[in-house]
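Given next are the chains, with one letter for each unit.
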Amino acid sequence: MISSNMAEILNKHMNAEFYSSYLYLSMSAYASSKGWRGCSSWLYVQAQEEMIHVQKLYVYLDDQDARIELYAIEKPPVEFGSPLELFGAVLDHERKVTALVSDVMTVAVKEADHATETFWQWFVTEQTEEEKNCRDVVDRLKLAGETGPGLFMIDNELSARVLVPPAL
Ligand code: FEO
């Protein structure tokens, strides 16, 4: 059993994860429209990963017998600029999510909600990984350039990403 305050916070965070998935799907569609197939594929996998984050929250709330509320999902942008601007926006978004994840942990600690603290540790670790992955893409785009052969090489590399679902 978790507090109604914690249930509300986790429901809101589930909405933020839904939005992340929506955002990356919109980015994937944008990249596809530009012919950046590897970027599009990478972002599509990212959108799927965000839905796994949603599922983890859904299952946890249900296991805790908490009321699940599905809030409206904000419409994401449709234009994202150059490949570097696109992945810069991914990194910015992940940094915002990291701050939200940190806020949830702060509340869990304050409420001495050890079950949520343990559950939430996975999200804390996951955010470090997600930020690192996005930063890697941004760095590689800066190194190789975002036009011509450089972009072709990075785009090819990004196409290799596959979804590795974690245990729920
Ligand atoms: Fe679910 Fe990318 O944070």
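This structure is a prediction, so every number in the text was calculated from the model and none was measured.

Draft legend 1. Examining the packing of aromatic side chains more closely. Scanning the entire structure with this criterion turns up 8 aromatic pairs. An aromatic cluster of at least three residues, connected via ring pairs, comprises Tyr60, Phe119, Trp120, Trp122 and Phe123. Taking the ring centre of tryptophan 122 as reference, the NZ or CZ of lysine 56 above it sits at 4.3 Å. Here the guanidinium or amino end of arginine 161 rests over the ring plane of tryptophan 42, the centre of that ring lying 4.3 Å away.

Draft legend 2. Seen up close, the pattern of salt bridges. Applying the stated criterion to the full structure yields 5 salt bridges. Aspartate 136 serves as the salt-bridge partner of lysine 132, at 3.1 Å between the closest nitrogen and oxygen. Here the residue lysine 132 and the residue aspartate 136 both occupy positions in helix H4 (residues 114-144), the gap between them amounting to 4 residues, near one helical turn. Owing to a relative accessible area of 38%, lysine 132 belongs among the partly exposed residues under this scheme. For aspartate 136, a relative accessible area of 33% translates into the label partly exposed. The residue glutamate 157 makes a salt bridge to arginine 140 at a minimum N-O spacing of 2.8 Å. Of this pair, glutamate 157 sits in helix H5 (residues 148-158) while arginine 140 sits in helix H4, and the two are 17 residues apart along the sequence.

Draft legend 3. Molecular detail of the nonpolar core. The biggest cluster of nonpolar side chains holds 23 residues, and the ones touching the most others in it are Met27, Trp42, Leu43, Leu86, Phe87 and Val90. Going through the elements one at a time, helix H1 (4-34), helix H2 (37-63), helix H3 (83-110), H4 and H5 are the ones with two or more residues in this core. The dominant element in this core, judged by the number of residues it contributes, is H1, at 6 residues. Ile2, Met6, Met105 and Val107 belong to the second-largest nonpolar core, a separate cluster that totals 21 residues.

Draft legend 4. Molecular detail of the side chain of histidine 13. Here histidine 13 is to be found in helix H1. Not counting residues up to four positions away in its chain, the partners in contact with histidine 13 are Leu57, Val97, Leu100, Val101, Val104 and Trp120.

What counts, and where the lines are drawn
Residue numbers here run from 1 along each chain, matching the order of that chain's written sequence. Totals for whole chains, interfaces and linings use every residue, but because this is a predicted model, local features are given only for residues with pLDDT of at least 70 and side-chain atom pairs only at 80 or more, for both listing and counting. With hydrogens and water excluded, all non-hydrogen atoms of the structure serve as input to the side-chain values. Within 6.5 Å between ring centres, the rings of Phe, Tyr and Trp (the latter by its six-membered ring) count as paired, and their orientation is classed by plane angle as stacked under 30 degrees, edge-to-face over 60, tilted in between. Put simply, a charge is over a ring when the Lys NZ or the Arg CZ is close to the ring centre, within 6 Å, and near the line of the ring normal, within 35 degrees. We count a salt bridge whenever a side-chain nitrogen from Lys or Arg sits within 4 Å of a carboxyl oxygen from Asp or Glu. Strands are runs of DSSP state E lasting at least 2 residues, helices are runs of H or I lasting at least 4, and numbering of each runs from the N terminus. For every residue, the accessible area obtained with a 1.4 Å probe (protein chains only) is divided by the maximum for its type, and the residue is called buried under 20%, exposed over 50%, and partly exposed between those limits. For this analysis, a nonpolar core means a set of buried residues of the types Ala, Val, Leu, Ile, Met, Phe, Trp, Tyr and Cys, connected via side-chain atoms within 4.5 Å. In what follows, residue pairs with any heavy atoms lying within 4.5 Å of each other are defined as contacts.

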